2 protein chains.
Amino acid sequence: MKYQEIAKDMASKINNGFYTDRLPSEADLMEKYATSRNTIRNALDALYNQGVIKRVQGSGCFVNRPLHGRKNVINMANKVGFKALGDNFSLKSRVLKLEVIPAGEEISRYLGCSEEDLVYRVQRLRFNEDEVFSLEDAYYLKSIVPYLFKEACEQSIFKFIEEAYEIDIRSGDEYISVHELTQAEAQASESNVGQAVMSIEEVNYLKNDIAFNYSRTYYFRKGFTAYFHIGNYLC
Amino acid sequence: MKYQEIAKDMASKINNGFYTDRLPSEADLMEKYATSRNTIRNALDALYNQGVIKRVQGSGCFVNRPLHGRKNVINMANKVGFKALGDNFSLKSRVLKLEVIPAGEEISRYLGCSEEDLVYRVQRLRFNEDEVFSLEDAYYLKSIVPYLFKEACEQSIFKFIEEAYEIDIRSGDEYISVHELTQAEAQASESNVGQAVMSIEEVNYLKNDIAFNYSRTYYFRKGFTAYFHIGNYLC
């Protein structure tokens, strides 16, 4: 197993509440994953760099508790935190728009493609129980994601394209700002015009640094908090 | 020179507009910094991981343009972007509160100290020209930052404590949410009660992972956008 896979597996175990405090020792993890100390260390480094775990000198690695157990905190690098939003937290999606259009001026700049290149545009509203969680507008380069359909867009689109097209989604640029809902957005999300919501714009890249997705998501959940860990300050 | 220092120097050159597009080749940088290829590669990796530069296969490294030149975008890992906010952009600070208090229940949880441990509390309003830029409430562990005074708080506090106490500020946890101003906050910032602003809470750590600072900053600038690069998705 590669260290990235081990890191993903451990992040998912933390997300699902299998590990809640102290992690097994390096020796235990080596045995469990049948791998070398070096691979385990690389996996722990990856988890540490993304703020999933903390190190305490002399006593090992612990699950990182963002702001000490506050709710509504999601680690944007690995989505750890969703489980804490509620028992069996899940999102349902209502697809509002699914079309193929030319990228146009704005989107082509974000994706580094030409204005005529075709993109899938997917707009969807996501719910938790009956509460509106987010409104999403996403653009996928058709040359990389050749086919999208409604049923796939009702689930995790990233999971679908990773599996269907064997795409390795590697990195992302995240832009966070405060947005006031326009009339159309308020109508689509059953909210009020001018209501302030958190906006997260993302450009996502494959492992060769080619952009394939630009999206803008508004988060409606009260107190929703995006968490990032910064590993090595350069300022 | 260590690779971190080279990375900081290059980030500052980008921030100041000395490099604007393509960076010098590895060979040129080796000569310029009189160091090995390995050190240069580590510096470029650090800049890449924080979203300061992009790599283009076959043509080298380029300055990363967050959302393609949009204004008001600040890279939270290294503060690249402030220069783009305006010619000779600068912040002036008005210190509203400077006191030594026991950490208390909430702050002690964020800093991992005891409730009786003393902290400096600094509240300040920051201006660009005559426009309110941010309102900041910060708590510094007195055991690590033994003395703070008004003149130091009118400048960059981090720069002051790094220099005065030879502290190496290494990493941070960042929590971003939308906040509606309370009456007291609106009054302090000459704004409106209920106005929605971006809130960034930070816990900052020394290189041994000891927390020394918790702060909560509200950003008033219209369209202010916090940027983060995520290097290796784990989800």
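Everything numeric here is computed off the predicted structure, so don't read it as measured data. (Residues numbered from 1 in each chain as written. Chains lettered and ligands numbered in written order. Predicted model: local features only at pLDDT ≥ 70, side-chain atom pairs only at ≥ 80, totals over all residues. Heavy atoms only, no water.)

## Focus on the packing of helix H2 (residues 26-33) of chain B against helix H3 (residues 37-49) of chain B
Residues and elements named next belong to chain B. Axis separation between H2 and H3 bottoms out at 9 Å; the angle between their running directions is 105°. Classified by the angle their axes make, H2 and H3 are roughly perpendicular. On H3, the residues that touch Glu-26, Leu-29, Met-30 and Tyr-33 of H2 are Arg-37, Ile-40, Arg-41 and Leu-44. Partitioning the contact of H2 with H3 into residue classes produces five nonpolar, no polar and three charged. (Axes fitted to C-alpha atoms, helices over the stretch in contact; angles between N-to-C directions. Helix = DSSP H or I, 4+ residues; strand = E, 2+ residues; numbered from the N terminus. Parallel < 35°, antiparallel > 145°, perpendicular 65-115°, else oblique. Contact = heavy atoms within 4.5 Å. Nonpolar A, V, L, I, M, F, W, Y, C, P; charged D, E, K, R; others polar.)

## Observations concerning the sheet that holds strand E8 (residues 196-206) of chain A
Taken together, the eight strands give an open sheet; going across it, the order is E4(A)-E5(A)-E6(A)-E9(A)-E8(A)-E7(A)-E10(B)-E3(B), and neighbouring strands pair in mixed fashion. What marks the edges here is a single partner per strand, and that holds for strand E4 (92-102) of chain A together with strand E3 (73-75) of chain B. Each strand of the sheet is rotated relative to its neighbour by a mean of 20°, with strand direction disregarded. Direction of pairing for strand E7 (residues 169-180) of chain A relative to strand E10 (residues 225-230) of chain B: antiparallel, over a ladder of five bridges. When the bridges of E10(B) are listed, Asp173(A) appears paired with His229(B). (Pairing = 2+ DSSP bridges.)

## Comments concerning the relation of the copies chain A and chain B
With an RMSD of 0.0 Å, chain A superimposes on chain B once it is rotated by 180° and translated 0.0 Å along the axis. Viewed as a symmetry operation, the transformation between the two copies matches a two-fold axis. (Least-squares fit on C-alpha atoms with pLDDT ≥ 70 in both.)

## Some thoughts on empty space enclosed by the protein
Residues and elements named next belong to chain B. The final tally for this structure, using the stated rule, is one cavity of 30 Å³ or more. Of the pockets and cavities examined, the largest cavity occupies roughly 40 Å³. If you go around the largest cavity, the residues you meet are Ile-14, Gly-51, Val-52, Val-63, Asn-64, Pro-66, Asn-75, Val-80 and Tyr-227. The residue inventory of the lining of the largest cavity, partitioned by class, reads six nonpolar, three polar and no charged. (1 Å grid on protein atoms, 1.4 Å probe; cavity = no way out; pocket = protein on both sides within 12 Å on 5 of 7 lines; lining within 4 Å. Points joined across faces, edges and corners; volume = space filled by probe spheres on them.)

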